[in-house]
Amino acid sequence: MKIVMATNNQNKLREAQEIFSPLGIEILSQKDAGVSVNPEENGTTFAENALIKARAVYALVKLPVIADDSGLCVDALNGAPGVYSARYAPEGQLCETLLKNMQHVPEEQRTARFVTDVAFIDQNGKETVLEGFCPGMIGFEKRGVNGFGYDPVFLYGSQTFAELESEQKNAVSHRGAAFRKLYDYLKKYYQEGI
Ligand code: IMP
């Protein structure tokens, strides 16, 4: 069974391959499937953006497709940066910009969550969207060297995501949670024919 993942991000691809291989599912990148698409992610929700990416690939490959869209939602900023997480600041300035915009927010009000929506389109075009999230707090300074994006300022308990090893992060992260929900869904879908 082959599923095309609407990404060329090698880290996401590897994570998905590790999760889904026990089901006998082979995850192909869009490049492996011979397509190259980069649709405008102009949805207002993570679910819409995940579907935009999945539909663009499905239209060309007509194989099952998965696509994910993620971001950071900060309560004190009314859910920002949300779907604008990647575009919140110039490359390399995401954490600094977030810390500056929250400099007057006291510790107890710095609650946040990372969110991932994963869209699956089956062989016949049936669409399913599943969501995973990880609650945490925004710190007052960057800490740690692992990961990417907002990891150095996202506190999961007493450590930032950038202080965790990738396996520790995957076990609790929004993306891990969404992929595990999709694993359960696909297990039923392929083994029990729901
Ligand atoms: P994407 O939809 O997975 O490409 O995520 C969009 C943006 O959200 C990324 O460019 C990051 O800035 C941020 N983001 C998503 N997931 C994470 C994460 O696990 N750690 C840190 N930042 C993340």
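Note that the structure is a prediction, hence the values are computed from the model and not measured. (Residues numbered from 1 in each chain as written. Predicted model: local features only at pLDDT ≥ 70, side-chain atom pairs only at ≥ 80, totals over all residues. Heavy atoms only, no water.)

1. Some points on the overall build of the protein
- Of the regular secondary structure elements, the protein holds 5 helices and 7 strands.
- Along the protein, from the amino end to the carboxyl end, the secondary structure elements read β-α-β-α-β-α-β-β-β-β-α-α.
- Considering only C-alpha atoms, the protein reaches an extent of 50 × 30 × 25 Å along its principal axes.
- Taken over 194 residues, the protein has a buried fraction of 45%.
- Of the roughly 10000 Å² of accessible surface on the protein, 49% is carried by carbon and sulfur atoms. (Helix = DSSP H or I, 4+ residues; strand = E, 2+ residues; numbered from the N terminus. Buried < 20%, exposed > 50% of the residue type's maximum accessible area, 1.4 Å probe, protein only. Areas by Shrake-Rupley, 256 points an atom, 1.4 Å probe, with all protein chains shown as cover.)

2. Here's the deal with the site of the ligand
- Looking at the ligand, there are 15 residues lining it, with Lys-12, Ser-70, Asp-151, Lys-169 and Arg-175 nearest.
- Within the side chain of Lys-12, one N or O atom sits 2.9 Å away from an oxygen atom of the ligand.
- In the complex, the protein chains occlude 86% of the 480 Å² of accessible area that the ligand would expose alone.
- For the shell around the ligand, the secondary-structure elements that each account for two or more residues are strand 3 (65–74) and helix 5 (174–191).
- With 3 residues, strand 3 is the single largest residue contributor to the shell around the ligand.
- Looking at side-chain class alone, the shell around the ligand contains 5 nonpolar, 5 polar and 5 charged residues. (Near = heavy atom within 4 Å. Polar contact = N/O pair within 3.5 Å; in protein donor to acceptor, adjacent residues only side chain to side chain. Nonpolar A, V, L, I, M, F, W, Y, C, P; charged D, E, K, R; others polar.)

3. Brief notes about the pairing of strand 4 (residues 111–121)
- Burial within strand 4 is extensive, with 9 of its 11 residues counted as buried.
- Pairing of strand 3 with strand 4 involves 10 bridges; the strand directions are antiparallel. Within strand 4, the position partnered with Gly-71 by the bridge is Val-115.
- The hairpin formed by strand 4 and strand 5 (residues 127–138) contains 5 residues between the paired strands, and Gly-125 there has a positive phi angle of roughly 95 degrees. (Pairing = 2+ DSSP bridges.)

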